[in-house]
Amino acid sequence: MTDSTMPSLTLTDALPSDAEELRLDRPEGPLSAVRIRARTEDPEDSPVALLVPGYTGSKEDFYPVLGPLADLGFTVLAYSQRGQFHSEGPVGSEPPVDGNGYDLQTLGADVHWVLDAIGVQKQVHLLGHSFGGVVGIEAVLRDPSRFASFTMWNSGPRSRGGRFEDLDAIRTGGSEGLWRKGHPDWDEASSDPVQRWFHDRMLATSSTQLLAAAHILDEQPDRTDELAATGVSLLVSHGDADDAWPLDWQREMAERAGGQYVVIADAGHSAQVDQPEESARVLTSFWRTAAAA
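Residues numbered from 1 in each chain as written. Predicted model: local features only at pLDDT ≥ 70, side-chain atom pairs only at ≥ 80, totals over all residues. Heavy atoms only, no water.

(A) How the structure looks around the overall build of the protein chain. Within the protein chain one finds 10 helices and 8 strands. Overall, the C-alpha framework of the protein chain stretches about 50 × 40 × 40 Å when taken along its three principal axes. Taking all 293 residues of the protein chain together, the buried fraction comes to 57%. When contacts within the protein chain are restricted to residue pairs at least 6 apart in sequence, long-range pairs at least 24 apart make up 78% of them. When the accessible surface of the protein chain is split by element, carbon and sulfur atoms take 47% of a total near 11800 Å². In the protein chain, 23 positive and 46 negative side-chain charges are present, and the distance between their average locations comes to 3 Å. (Helix = DSSP H or I, 4+ residues; strand = E, 2+ residues; numbered from the N terminus. Buried < 20%, exposed > 50% of the residue type's maximum accessible area, 1.4 Å probe, protein only. Contact = heavy atoms within 4.5 Å. Areas by Shrake-Rupley, 256 points an atom, 1.4 Å probe, with all protein chains shown as cover. Lys, Arg positive; Asp, Glu negative; His and termini not counted. Charge placed at Lys NZ, Arg CZ, Asp CG, Glu CD.)

(B) View of the confidence of the model for the protein chain. With 94% of its residues at a pLDDT of 70 or more, the protein chain has an overall mean of 93. Within the model, the stretch residues 1–7 combines pLDDT values under 50 with 31 contacts to residues more than four positions away or in other chains. Residue range residues 95–99 is modelled with pLDDT below 50. Its contacts to residues more than four positions away, or to other chains, number 6 contacts. (pLDDT = per-residue confidence, 0-100.)

(C) Broad picture of helix α10 (residues 276–292). Over its 17 residues, α10 runs 24 Å from end to end, which matches the ideal 24 Å to within 8%, given 1.5 Å per residue. The set of residues buried in α10 consists of Ser 279, Ala 280, Val 282, Leu 283, Thr 284, Phe 286, Trp 287 and Ala 290. (Expected span 1.5 Å × (residues − 1).)

(D) A look at the nonpolar core. Counting 55 residues, the largest nonpolar core has Tyr 55, Val 111, Leu 126, Phe 131, Phe 147 and Phe 150 as its most contacted members. Counting 27 residues, the second largest nonpolar core, distinct from the first, contains Ile 36, Tyr 63, Val 76 and Leu 235. (Core = buried A, V, L, I, M, F, W, Y, C linked by side-chain atoms within 4.5 Å.)

(E) Region of the structure containing the packing of helix α2 (residues 104–118) against helix α3 (residues 131–142). Between α2 and α3, whose axes approach to 8 Å, the crossing angle comes to 75°. Of the possible angle classes, the one that applies to α2 and α3 is roughly perpendicular. Note on element contacts: α3 touches α2 through Phe 131, Val 134, Val 135, Glu 138, Ala 139 and Arg 142, opposite Leu 104, Gln 105, Leu 107, Gly 108, Ala 109, Val 111 and His 112. Tallied by class, residues from the contact of α2 with α3 come to 8 nonpolar, 3 polar and 2 charged. (Axes fitted to C-alpha atoms, helices over the stretch in contact; angles between N-to-C directions. Parallel < 35°, antiparallel > 145°, perpendicular 65-115°, else oblique. Nonpolar A, V, L, I, M, F, W, Y, C, P; charged D, E, K, R; others polar.)

(F) Geometry of the sheet that holds strand β5 (residues 124–129). Taking strand neighbours across the sheet as the criterion, the 8 strands line up as β1-β2-β4-β3-β5-β6-β7-β8 in an open arrangement whose pairing is mixed. Of all strands in the sheet, those with a lone pairing partner are β1 (20–24) and β8 (260–264), marking the two edges. With strand direction ignored, the average angle separating the axes of adjacent strands in the sheet is 20°. The sheet contact formed by β1 and strand β2 (residues 31–36) spans 5 bridges and is antiparallel. The partner of Glu 21 across the bridge, within β2, is Val 34. (Pairing = 2+ DSSP bridges.)

(G) View of unusual backbone geometry. The phi angle at His 86 is positive, at roughly 70°, despite the residue not being glycine. By the element assignment, His 86 lies in the loop between β4 (75–79) and α2. Notably, Ser 130 is not glycine yet its phi reads approximately 55°, a positive angle. Tracing the sequence through the fold places Ser 130 in the loop between β5 and α3.

(H) Focus on the packing of aromatic side chains. Tallied over the full model, the rule gives 4 aromatic pairs. Summarising the aromatic geometry, the rings of Phe 74 and Trp 287 are spaced 5.1 Å apart at their centres and angled 55° between planes, so their arrangement reads as tilted. Taken as a pair, Phe 74 in the loop between α1 (63–71) and β4 and Trp 287 in helix α10 lie far apart in primary sequence, 213 residues in all. The pair Phe 74 / Trp 287 is uniform in exposure class, with both members buried. By way of ring pairs, the aromatic residues Phe 85, Trp 197 and Phe 198 are connected into one cluster. Positioned over the ring face of Trp 249 is Arg 158, at 4.0 Å from the centre of the ring. (Phe/Tyr/Trp six-rings, centres within 6.5 Å; stacked < 30°, edge-to-face > 60°. Lys NZ or Arg CZ within 6 Å of the ring centre and 35° of its normal.)

See below:
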C-alpha cells in the first residue's frame, strides 16, 4: 500500500540534509524517528506536526515532503511504528491475541509516547497515512486535547475486508511472503535500486507487526462519529488515484465529521511522495486554518 517510488532515488536519498534522525529508547525496543525544524528565524516557536506511516511503511515515506513543510514554517516529526523499518518491537503472539504488543490501543498510545519522549509540550498537528490514519484516530480519541488538528491522509473510515490473502501470505511466508504476493514476478537480480530498497524495507519489517496491522485493517470499525465528537479539526485528503479505500468513502467521512476534504491531483496512495510540494501546500493551509479556529 505504500509502494510509491521516486524516478531515480530511494526514499532514504530524499532525506533533507538538515533533518535529524532520532533513536527513541524504550523497553520493547527503540523507535526510529526523524525531525526537521522549521526553516524560520525562530524554529523553536514554530508549530509542530507529527506524521504516522502506514501498513508496510515507515518514516521514510515522509522524507520527500519534510523539506517543503519546513520551508513553509513547520517543525515536522515522523517515526516508524514498532516493528517497522529501523524500529523494534516485541515478538508477541499471533494477533488478535490481546497483549501481543501490536494491538491498536498500544499503537495509539505510542503516538503520545513519542511526543513525550521528544519533549513536545505544545499541541501538534497529527497526520496518519493509510494504516497510520487508523492508529491516529485511536490516538486522538485517547486524548483530543493533545492535538491542534488531525489529518486522515489517504486513509479511510472503515474496513474494506478482503485481507485474507495478506494474512495467509504473512502466516506462510512472513514479510517475504507478503512481498511476493504483491510482486509475483520479483527478481532481485534484474530489479532497479528503488525496487530493491522497497524489497529490503519489507523484509526488515516484523512479520508480527504486519500480521497485526492486517488484522486491525480487516476489522476496522467506523469511528467517524466519535472522531467528530472530539471537536478536533479534521482534514481528509487523498491522491486522485488512491486505491486503498474507495474515494467516496473518504469524501463521505469528511462530510460526516464536518471536516475539510481535498484531492491531490496526479497522485496515488502516497500523495506526499508523488506530489510533495502540493501536499505541503494543502497540509500547511489546513494546519494554519485549524490553528486560527
